[in-house]
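# Fold and contact review
Chain residues, written in single-letter form:
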Amino acid sequence: MLAGERYRGDCPELVADQLRIAAWMERYNRAAAASAAEQQAMLREAFGEVGEGVKVRQPFYCDFGYNIRLADRVYFNFNCVILDVASVTVGSGSMFGPGVQIVTADHPRDAAERRVYLERGRPVAIGEDVWVGAGSIILPGVSIGDGAIIGAGSVVTRDVPPGAVVGGTPAKTLAEPGSSSRSPATARPARQARHP
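So, here's what we can say about the structure.

## Thoughts on the overall build of the protein chain
The number of helices and strands found in the protein chain is four helices and 20 strands. For the protein chain, buried positions account for 42% of its 196 residues. On the protein chain, roughly 10300 Å² of surface is accessible, and the fraction owed to carbon and sulfur atoms is 55%.

Put into structure tokens, the structure is as follows:
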């Protein structure tokens, strides 16, 4: 699974792992009022790595948990989803708006293969100090460089270089790294005034 090879999604070992994480998610999603230390301890039970000061607001959903690695000060807002059939790594200081989805699961294009639950995973790597706007979707195999900004509602299908601002469906470059305008709102072309 982690090597990117095809695997069967209904394999008994994976089904058992999904049942384990389902029980953890039920517990974690009821713990919104728990202390930061208690929530960090719960994240460390499930995830492969959890840095200091990580905050994942409830509700949160994932496939396995153990393929997720979060560095220090990573923040996920409400209702985020990480489908971690492959590795998901997030660098320090990165922030995610509500409803962000990170997807590593990739399904065959051939319907006959999908019928027998063949799948494969492609890792997602997100650098340091990345900002991902609300409702964005990051697809399998994508890497996002340090300091990049993903505009709200974007579907990221390709790698994003460090410092770039991208947005849209599919996400396109709105501002190049190092440009004077790094806000997704100001990177769009100005609208022409309407005349009566």
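Still to come is the rest of the account.
## So, the sheet that holds strand 5 (residues 68-70)
Here five strands make up an open sheet; going across it, the order is 2-5-8-13-16 and the pairing parallel. At either end of the open sheet lies a strand with only one pairing partner, and these are strand 2 (49-50) and strand 16 (143-144). Alignment of strand 8 (residues 88-90) against strand 13 (residues 124-126), held across three bridges, turns out to be parallel. Within strand 13, the residue paired with Val88 across the bridge is Val124.

## Remarks on the nonpolar core
Formed by 38 residues in total, the largest nonpolar core has its most connected members in Trp24, Phe47, Phe60 and Ile102. Counting residues per element, the ones that place at least two in this core are helix 1 (12-29), helix 2 (36-46), strand 4 (60-62), strand 5, strand 7 (80-83), strand 8 and strand 13. Ranked by the residues each element gives to this core, the list is headed by helix 1, at four residues. Sequence-distant contacts of Trp24, defined by excluding residues within four places in its chain, comprise Met42, Leu43, Glu45, Ala46, Phe47 and Phe60. Among the nonpolar cores identified, the runner-up in size contains five residues, and Leu14, Phe64, Val85 and Ala105 belong to it.

## Some points on the side chain of Thr104
Looking at the element boundaries, Thr104 is found in the loop between strand 10 (101-103) and strand 11 (105-106). Look at Thr104 and you get buried, because its relative accessible area is 0%. Engagement of the side chain of Thr104 in a polar contact is seen with the backbone nitrogen of Ala86, the distance being 3.0 Å. Here Thr104 is in contact with Leu83, Asp84, Val85, Ala86, Ser87, Val88, Arg120, Gly121, Arg122, Pro123, Val124 and Pro140, once residues within four sequence places are set aside.

Scoring rules and cut-offs
- Residues numbered from 1 in each chain as written.
- Predicted model: local features only at pLDDT ≥ 70, side-chain atom pairs only at ≥ 80, totals over all residues.
- Heavy atoms only, no water.
- Helix = DSSP H or I, 4+ residues; strand = E, 2+ residues; numbered from the N terminus.
- Buried < 20%, exposed > 50% of the residue type's maximum accessible area, 1.4 Å probe, protein only.
- Areas by Shrake-Rupley, 256 points an atom, 1.4 Å probe, with all protein chains shown as cover.
- Pairing = 2+ DSSP bridges.
- Core = buried A, V, L, I, M, F, W, Y, C linked by side-chain atoms within 4.5 Å.
- Contact = heavy atoms within 4.5 Å.
- Polar contact = N/O pair within 3.5 Å; in protein donor to acceptor, adjacent residues only side chain to side chain.

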